[in-house]
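Analysis of the macromolecular model
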Amino acid sequence: MALYATAATVLAAVEGRRGSIKGLVYASSFQNVKQLYALVCETQRYSAVLDAVIAGAGLLRAEKKLRPHLAKVLVYELLLGKGFRGGGGRWRPLLERHQARLKAELARLKVQRRVSRNEDLLQVGSRPGTASQVPRFVRVNTLKTSPEDAVDYFKRQGFSYQGRASSLEDLRALKGKCFLLDPLLPELLVFPAQTDLHDHPLYRAGHLILQDKASCLPAMLLAPPPGSHVLDACAAPGNKTSHLAALLRNQGKIFAFDRD
């Protein structure tokens, strides 16, 4: 199935430091971006666990034509995900031949680390990766709403607004349903790491942009006044371009390009 092959390609590029998950997913030709993004993120999150299970079960020794990153994606889907989607194509029978050994290896790993849930494997025997500790930054699309209205909406949903952050420690201390306003960017909200807003109504309506802080800095530093002409020579997947449009208040021109 194209989903698994594409996810393996993206995962290999991410681990080879050839780009971010988000950028590589959007640059791929796969249509269901949300599905692909979620699969790559979860596979990477369990990467160390999957490596241990695959090695212990001898999967790559038995299936010499199976690429390591594809094996990791497939084993995640078999053991930790929602099961093979769309039938799994030719990969399903291949993995099912090794299903018993893979499940046994996962069970052995849990016994060894004295845990009962898959999630607990992330915190025992290996530290969470740096990416899992980075707060979730969310840019308010000021062409559609205001930061104040977005904050009010989240507060009505039961989130606790902590005001403007004063230090990095404030960001690192975020937990549960608490969120802050970034100390530098007035339109950037900050949530605890791993907060998933892909199904949030404001995101689906285009009022929120899930954008890393580093990606927000170029437009902020350029600070083009309304009416400017701006050249964006590194435009994919488009978050910086849309940030520029917001700063220009849709007054001016943006020439957006990227390598094909």
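What counts, and where the lines are drawn
- The numbers attached to residues start from 1 for each chain and follow its sequence in the written order.
- In keeping with the predicted nature of the model, local features appear solely for residues at pLDDT of at least 70, side-chain atom pairs appear and are counted solely at 80 or more, and the whole-chain, interface and lining totals rest on all residues.
- Neither water nor hydrogens contribute to the side-chain values; these are computed over all heavy atoms in the structure.
- Buried, partly exposed and exposed residues are distinguished by accessible area as a fraction of the type maximum, computed with a 1.4 Å probe on protein chains only: under 20%, between the cut-offs, and over 50%, respectively.
- Helix numbers and strand numbers start at the N terminus; a helix is a DSSP run of H or I with at least 4 residues, a strand a run of E with at least 2.
- In this description, the arc belongs to the directions extending from the helix axis to the C-beta atoms.
- The contact definition used throughout considers only heavy atoms, calling two residues in contact when any of these lie within 4.5 Å.
- Should a side-chain nitrogen of Lys or Arg be within 4 Å of a carboxyl oxygen of Asp or Glu, the pair is scored as a salt bridge.
- Working definition of a nonpolar core: buried Ala, Val, Leu, Ile, Met, Phe, Trp, Tyr and Cys residues. They are joined through side-chain atoms within 4.5 Å.
- Strand pairing requires that DSSP identify at least two bridges connecting the strands.
- When the strands point away from the viewer, a crossover counts as right-handed if the path from the first strand over the helix to the second runs clockwise.

Right, let's get into helix H4 (residues 47-57). Turning to H4, its buried residues number three or more, namely Ser 47, Val 49, Leu 50, Val 53, Ile 54 and Ala 57. Buried residues along H4 cover an arc of 160 degrees about the axis, so they all sit on one side. Next to the buried residues of H4 lie helix H1 (2-15), helix H3 (33-45), helix H5 (59-62), helix H6 (68-80) and helix H8 (99-113). Within two residues after H4, Gly 58 carries a phi angle of roughly 65 degrees, on the positive side.

In this structure the tally under the stated criterion is 12 salt bridges. For the salt bridge of Arg 92 with Glu 96, the shortest nitrogen-to-oxygen distance reads 3.0 Å. Here Glu 96 and Arg 92 lie together in helix H7 (residues 91-96), a separation of four residues that amounts to about one turn. For Arg 108, the salt bridge is made with Glu 105, and the minimal N-O distance between the two is 2.7 Å. Remark: Glu 105 and Arg 108 occur in helix H8; sequence separation between them is three residues, near one turn of the helix. Through salt bridges with shared partners, a single network forms among Glu 15, Asp 51 and Lys 72.

Counting 41 residues, the largest nonpolar core has Tyr 4, Val 75 and Leu 95 as the members making the most contacts within it. Those elements that place two or more of their residues in this core are H1, helix H2 (21-27), H3, H4, H6, H7 and H8. Here the element with the most residues in this core is H6; it accounts for nine residues. Counting 14 residues, the second-largest nonpolar core is a separate cluster that includes Val 140, Phe 159, Leu 181 and Leu 189.

Where strand E6 (residues 229-232) lies against strand E7 (residues 253-256), four bridges are found, and the strand directions are parallel. Looking at E7, one finds that His 229 is bridged to Lys 253. Each parallel crossover has a hand, and for E6 linked through helix H14 (residues 239-248) to E7 it is right-handed.

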